[in-house]
Structure formats: C-alpha cells, structure tokens
Amino acid sequence: MKFDCHIPTKILFGAGRLNDLATVKLPGKKALIVISGGTSMHKYGYLRRVQELLAKQGVENVVFDKILPNPILDHVTEGAELARKEGCDFILGLGGGSSIDSSKSIAVMAKNPGNYWDYIGGGSGKGLFPKEGALPIVAITTTAGTGTEADPWTVITNGSEKIGTGWEFTFPVLSIVDPELMTSVPPHLTAYQGFDTLFHCTEGYIANIATPVSDALALKAIELIAKYLPRAVKDGGDMEARENVALANTLGGMVETFSSCTSEHSLEHALSAYYPKLPHGAGLIMISLPYYKFFQGKVAPERYAKMAEAMGEDVHSLPEDKRADAFISALEKLQKACGVDNLKMSDYGVKRDEMDKLATTAKETMGGLFDLDVYRLTHEDTVSILQEAYK
C-alpha cells in the first residue's frame, strides 16, 4: 500500500472566519480580487468587506469582475494582463468555484508567457509546463460545491472544450471557508452545488486510485451531504446545515486531491461546454443515475454498500446481493428531497441526437478521467449512458 498526501493550503474554517483576513499572514501587498460578473458580491457586501479587511493590513487591491459561471479563456487572459499591469503580487478568488478556478488560471498566466491553452494537456492544448509557476492564490469561497479551496484544479472553457488541469503551485496558499457567506445562495443553486460535492466524493471513492485517506474523507462527506443538504435547500439560514455542507465541500476538495474525479465529470464538462448556461451541478445530477447504475456491476459491491450506509440506508438488513442497490435508491431519495429529481437536458436546449458528439468531446478533452474508472468505458457505453440521462 503506497500513496502520497499533500495539501499545501492553510484552511480557516468556520462561521465568522472571514474576519481573520484582517490579521492572517497574506502572501503579498497588492491583490487582484477575482469575482463574477454578477451582482451578488456587491449586493451582499462581500467584496466591500474583503476590501476593508485587506486595508487593515495595508494591502491594496484591484478588482477583476467579469467571470462567468462557466469561466472562459478570454477572461483568464484579460485578468492576467490586469494583474501584470497593476503590479499585483497575489490573486484572491472571491465567490464560487468559477471565480476561484479563474483566480488559479490567472495566477499562472500572470507569470508565464504565451496563451493559457499552451499549458492545457487535453483537447487542442499543447501540454506545456508553466515553468514560472504562479502568483500566490488566496481563496474565499461563498458557495459549497467545487471544493476548489482545497485542491489545485481549475476548469476553464475554450470554445467547445471545457478542461480541468492543475499543478502544485495552483493550490491556494490560504483558503477561508466561512459558512455565513453561503446563506445568500438560493435553494436551487444550493442543491446543484451540494450534488457537485457529493459526486466529487462518490467518484473519488470508486476511482481506481482511491486511497484509505480519500475513502475516509469521501464517506464522511457523503454522510454530511445526505443528512444536511436537504435542510440547507429548505432553509438557507439553517447555520448547522450550512456549516456541515460547507465542511463536506472542503472534504470533497481533499478527496479530489488524494483521489480523483472519474468520467462522470468528463461527461458533464462536455455537456456544459456546449451549453454554458447549464449549471455544472445540474448537469451532473442529470447524468448521475444512469452513470452509477452502469458502474454498479463494475465496482466492488461493498463500495456501493458503504456509500449507501453513509447516506443513511440500513444496508445490513438487506440480503448481501441487494446492498449495492441501496446506493441507487439513496441517490434517488436525495434528489427528490432536494427537488432536483425532474431536471431535463432538453430544458437547456440539448438535443437527443447530440449524444455521440458529447461522448466524443468528453474523451477528447478530459479523457484522462476515463483512465481512472475501474472499468474502461467504450464509446458505445458512453453514448448509452448519455442517452439514458437524456430520457
């Protein structure tokens, strides 16, 4: 048994921890604050608070506020140019996964020449290594979904290619996870983000590189999501629920670091690359049931049984050959409890005859995740899963 565990990130977790930004050691004196192009960071005062707390340490800031829900290459380029022009010495991602992922990619391009896609290993990327590393990254998450505050990964879209990548220097040096900043997330997005966390953990648990450490973290996070996500969806001000969903999210980022996502994420990234208005978590929910039903016969049955048990199913009362089924049942129950059991691809403009194209794109852009499945999906398998998801 051999594995590595390394997360070079200082994580400050808990309600009210944003205030620590006034005293915690920071990696520079001028920050590029990366936020979405929406209004929430202004509306709820999060940007103003961050700026005021930075000022208490004499840290200046410049704001880059164009990030989209599915962040794009052009904004990585533009943000990096602004960071260089303004002499920023670290990048601060404030918001959800899109802002923090963008901050990581901007941090790379603020120090390296060429086009960001030169450093992407899949699709049309050139697979070069960014020799100059990256500016230090600080992550302040206001959502609970991506776990990006505890991993090095960043997902960026370039045309029809939506590809994740990361290096050791794209781990944040500091992450603040304050559940008080998450109470403003509306119910449907709370659900989508929570299921993204869930699937980081279920995928990491069934991946062929899972470790005892990632297993323990994954099962705990799965337990927390199953217990607390319906409460957070029902009442966004339920702080116990928000705290535990936030904890699950951070643990999920660690699962991605110590294990990996699998092809489920490749399929969804292909889907939302073509349809960028589709929230990532919603796409995963649509794919999930046919995906996990397909893999049920391929993954060791005790793994499905343990995930079911973590989700509150009484698996020990079932015959041994039925215990794996309980995970599918638990997944269906959780989707219904969170009001996301009737999502349809067609609602986002996806067409039935596009499944072959989506399967091909998934393999061409993020084919590496297929290598981490316990069973190697054929093209026909992939199309079949997507067709079932479309139904």
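Residues numbered from 1 in each chain as written. Predicted model: local features only at pLDDT ≥ 70, side-chain atom pairs only at ≥ 80, totals over all residues. Heavy atoms only, no water.

Asker: Please give an account of the side chain of glutamate 313 that cites residues and values.
Answerer: Topologically, glutamate 313 is positioned in the loop between helix H10 (301-310) and helix H11 (325-337). With sequence-adjacent residues up to four places away left out, glutamate 313 is seen in contact with Ala308, Ala326, Ser329, Ala330 and Lys333. (Helix = DSSP H or I, 4+ residues; strand = E, 2+ residues; numbered from the N terminus. Contact = heavy atoms within 4.5 Å.)

Asker: Give a detailed account of the pattern of salt bridges, specifying residues and quantitative values.
Answerer: Side chains bearing opposite charge may pair, as long as their charged atoms lie close to each other. Inspection of every chain in the model, using the stated rule, returns 15 salt bridges. Note that arginine 303 and aspartate 215 form a salt bridge whose closest N and O atoms lie 2.7 Å from each other. Taken together, the residues span a long stretch of sequence, with arginine 303 in helix H10 and aspartate 215 in helix H6 (residues 212-234) at a distance of 88 residues. The closest approach of N and O atoms between glutamate 354 and lysine 357, which form a salt bridge, is 3.0 Å. One salt-bridge network, in which partners are shared between bridges, spans Arg231, Asp238 and Glu240. (Salt bridge = Lys/Arg side-chain N within 4 Å of Asp/Glu carboxyl O.)

Asker: A description of H10 should follow, citing residues and the corresponding values.
Answerer: Every buried residue of H10 is accounted for by Tyr304, Ala305, Met307, Ala308 and Ala310. Structurally, H10 contributes buried residues whose contacts are with helix H5 (187-206), H6, helix H9 (280-295) and H11. The first or second residue beyond H10 is glycine 312, which carries a positive phi of 100 degrees. (Buried < 20%, exposed > 50% of the residue type's maximum accessible area, 1.4 Å probe, protein only.)

Asker: For the packing of H5 against helix H7 (residues 239-258), give the residues involved together with the corresponding values.
Answerer: The interhelical angle for the contact between H5 and H7, taken along N-to-C directions, is 40 degrees, at an axis separation of 9 Å. When the axes of H5 and H7 are compared, the pair comes out oblique. Read as a crossing pair, H5 and H7 show a hand that is left-handed. Contacts from Thr190, Thr197, His200, Cys201 and Gly204 of H5 reach H7 at Arg242, Ala248, Asn249, Gly252, Val255 and Glu256. Of the residues assigned to the contact of H5 with H7, the class counts are 3 nonpolar, 6 polar and 2 charged. (Axes fitted to C-alpha atoms, helices over the stretch in contact; angles between N-to-C directions. Parallel < 35°, antiparallel > 145°, perpendicular 65-115°, else oblique. Left-handed = near helix turned anticlockwise from the far one by under 90°. Nonpolar A, V, L, I, M, F, W, Y, C, P; charged D, E, K, R; others polar.)

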